[in-house]
Amino acid sequence: MSSNSDSYPHPVRIAVIGGTGLQSLPNFTHVATLNIKTPWGTPSSPISVLHHPSPTSGDPIPVAFLSRHGLHHELAPHEVPSQANIAALRSVGVRTIIAFSAVGSLQEPIKPRDFLIPDQIIDRTKGIRPFTFFEGGMVGHVGFADPFDNSIGEIVRKCGHSLSGEDVRLHDKGTLICMEGPQFSTRAESNMYRSFGGSVINMSALPEAKLAKEAEIAYQMICMSTDYDCWHESGDVNVEMVMGNMKANAENARRFVGAVLDELSKEEHADVVEAKHLEGQMKFAGGITAPAGRSDKAKEGIEWLFPGYF
Ligand SMILES: CSC[C@H]1O[C@H](OP(=O)(O)O)[C@H](O)[C@@H]1O
Ligand SMILES: Nc1ncnc2[nH]cnc12
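The rules behind the values
- Sequence order as written defines residue numbering, which begins from 1 separately in each chain.
- Chains carry letters and ligands carry numbers; both start at the beginning, A for chains and 1 for ligands, and go up in the order they are written.
- It should be noted that, the model being predicted, local features are given only for residues of pLDDT at least 70 and side-chain atom pairs only at 80 or more, the latter also being counted only at that level, while totals for whole chains, interfaces and linings use all residues.
- Each side-chain value is worked out from all heavy atoms of the structure, with water and hydrogens disregarded.
- Where helices and strands are cited, they refer to DSSP runs of H or I of at least four residues and of E of at least two residues respectively, numbered from the N terminus.
- UniProt positions are given in the numbering used here, feature names are shortened, and annotations may be inferred rather than shown by experiment.
- Here, residues are in contact when the closest pair of their heavy atoms is within 4.5 Å.
- Only protein chains enter the accessibility calculation, which uses a 1.4 Å probe. A residue is then buried if its area is under 20% of the maximum for its type, exposed if over 50%, and partly exposed in between.
- Pairs of strands are assigned from DSSP output, requiring at least two bridges between the strands.
- Any residue with a heavy atom lying within 4 Å of a molecule or strand is counted as near it.
- Polar contact is defined as a pair of N or O atoms within 3.5 Å, subject to the rule that within protein one atom must be able to donate a hydrogen and the other to accept it, and that residues adjacent in sequence are counted only when both atoms are side-chain atoms.
- Residue exposure ignores everything except the shown protein chains as possible cover, and the areas themselves are Shrake-Rupley values with a 1.4 Å probe.
- Think of it as three bins: nonpolar holds Ala, Val, Leu, Ile, Met, Phe, Trp, Tyr, Cys and Pro, charged holds Asp, Glu, Lys and Arg, and polar takes everything else, Gly as well.
- Candidate patch residues must exceed 30% relative accessible area and have no salt bridge, after which like charges are joined if within 9 Å and Val, Leu, Ile, Met, Phe, Trp or Tyr side chains if within 5 Å.
- Any Lys or Arg side-chain nitrogen found within 4 Å of a carboxyl oxygen on Asp or Glu counts as a salt bridge.

**Details of unusual backbone geometry**
- Across the junction of Gly181 and Pro182, the peptide omega takes the value 0°, indicating a cis bond.
- The topology assignment puts Pro182 in the loop between strand S9 (175-179) and helix H3 (187-195).
- Even without glycine at this site, Ala275 takes up a positive phi of about 50°.
- In this structure, Ala275 sits in the loop between helix H7 (270-273) and helix H8 (281-285).

**Brief notes about the UniProt feature "site: Important for substrate specificity" (unreviewed entry) in the chain**
- UniProt's feature table lists "site: Important for substrate specificity" (unreviewed entry) at Ser185 and Val239, given in the numbering used throughout. A maximum C-alpha distance of 13.2 Å places the annotated residues, which cover 55 residues in sequence, within one compact spot.
- Secondary-structure assignment places Ser185 in the loop between S9 and H3.
- What Ser185 contacts, discounting residues up to four positions off in sequence, is Met179, Ser190, Tyr193, Ile201, Asp229 and Cys230.
- Along the chain, Val239 falls in helix H5 (residues 239-248).

**Side note on the pairing of strand S11 (residues 218-227)**
- Most of S11 is tucked away: 10 of the 10 residues are buried.
- Alignment of strand S5 (residues 96-105) against S11, held across nine bridges, turns out to be parallel. Among the inter-strand pairings, Ala99 is bridged to a residue of S11, identified as Met221.
- In this structure, strand S6 (residues 115-116) lies alongside S11, joined through two bridges in antiparallel fashion. Paired with Leu116 across the bridge in S11 is Cys223.

**Things to note about the site of ligand 2**
- Lining the immediate environment of ligand 2, one finds 13 residues, of which Ala102, Gly104, Thr226, Asp227 and Asp229 sit closest.
- The contact in question runs from a nitrogen atom of ligand 2 to an N or O atom on the side chain of Asp227, over 2.7 Å.
- Protein contact buries 95% of the 260 Å² of open area that ligand 2 shows by itself.
- Of all the elements in the fold, those that place two or more residues in the shell around ligand 2 are S5, strand S10 (200-202) and S11.
- Top contributing element to the shell around ligand 2 by residue count: S5, with three residues.
- Taken together, the residues of the shell around ligand 2 break down into eight nonpolar, three polar and two charged.

**A closer look at a nonpolar patch on the surface**
- On the surface, a nonpolar cluster with roughly 260 Å² of combined accessible area is contributed by Phe184, Val239 and Met243.
- Inspection of the secondary structure assignment puts Met243 in helix H5.

**A word on the site of ligand 1**
- Taken together, Gly19, Thr20, Arg68, His69, Pro77, Ser101, Ala102, Phe184, Asn202, Met203, Ser204 and Val242 form the complete shell of residues around ligand 1.
- The contact in question runs from an oxygen atom of ligand 1 to an N or O atom on the side chain of Thr20, over 2.7 Å.
- His69 is positioned with one of its side-chain polar atoms (N or O) 2.5 Å from an oxygen atom of ligand 1.
- Here ligand 1, which alone exposes 390 Å², has 92% of that area covered by the protein.
- Tallied by class, the residues present in the shell around ligand 1 amount to five nonpolar, six polar and one charged.

The structure is reproduced here in structure tokens:
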């Protein structure tokens, strides 16, 4: 298959969503570029299909890569078309997403360049981002008590620990504050988030995690701290600081993602990676609207996302 193929013949189960400073994954073989149109518009970037050698058999495992803010970081956090991103990934077969994010630290022990695998989120977005697939004549209510997938989270933590050492520091859990932005927080807000028990802060986890949950995709974010936000005496956060730390630690970030892909590619994780534990949940959570109340437009979108479900 040539590297500029515009289709891929097999389902791609694993995706990486790259954030600030992680706009591509070098060292993987690029086999296709997919330009997908969804009922919710086009994704942030074309989906690159990369081949990753299975650590056990050596066979190529396909991985989808999507750049959250566009190929040139041209989309602000509130402009990221998350519905289109998640719908497009599901349409190529994706059932597990590893999402990468540059975050500010709200706690002294979480130092710049440390990694953190969050297990909770506090939503501080302002309701201006489209945040559900179930609206306009098709209502759905999915559980969001655990915004990240515990099974994938455990695998990611194990991989992070295997790299832990002088260079890589990993925090196993924490509460992620997702703020609206694009401006950074005021000092009063930053201190308020600390009083909430927040560990780290970003502008990108939502609605991405909510939409992944609705799409029955196992979703785990890997956070890399790039600054101490403005509560800390070391100085206020700015983009130079974020990009400087991101760049300095990019190699570790890539090693981390590579180790996670190695592990996820193992046959023993196939059921988890295919999110068998989530399969079918939306048939009930999204079936609350009686057929007579369903609008054609909503039905069309939901049928595109879940062929044959309703
Ligand atoms: C450039 S600092 C703020 C920016 O960085 C984070 O991006 P991402 O989560 O995509 O890595 C944060 O969420 C903001 O979008
Ligand atoms: N301090 C901060 N606040 C919000 N998002 C961020 N991303 C990186 N650093 C951040």
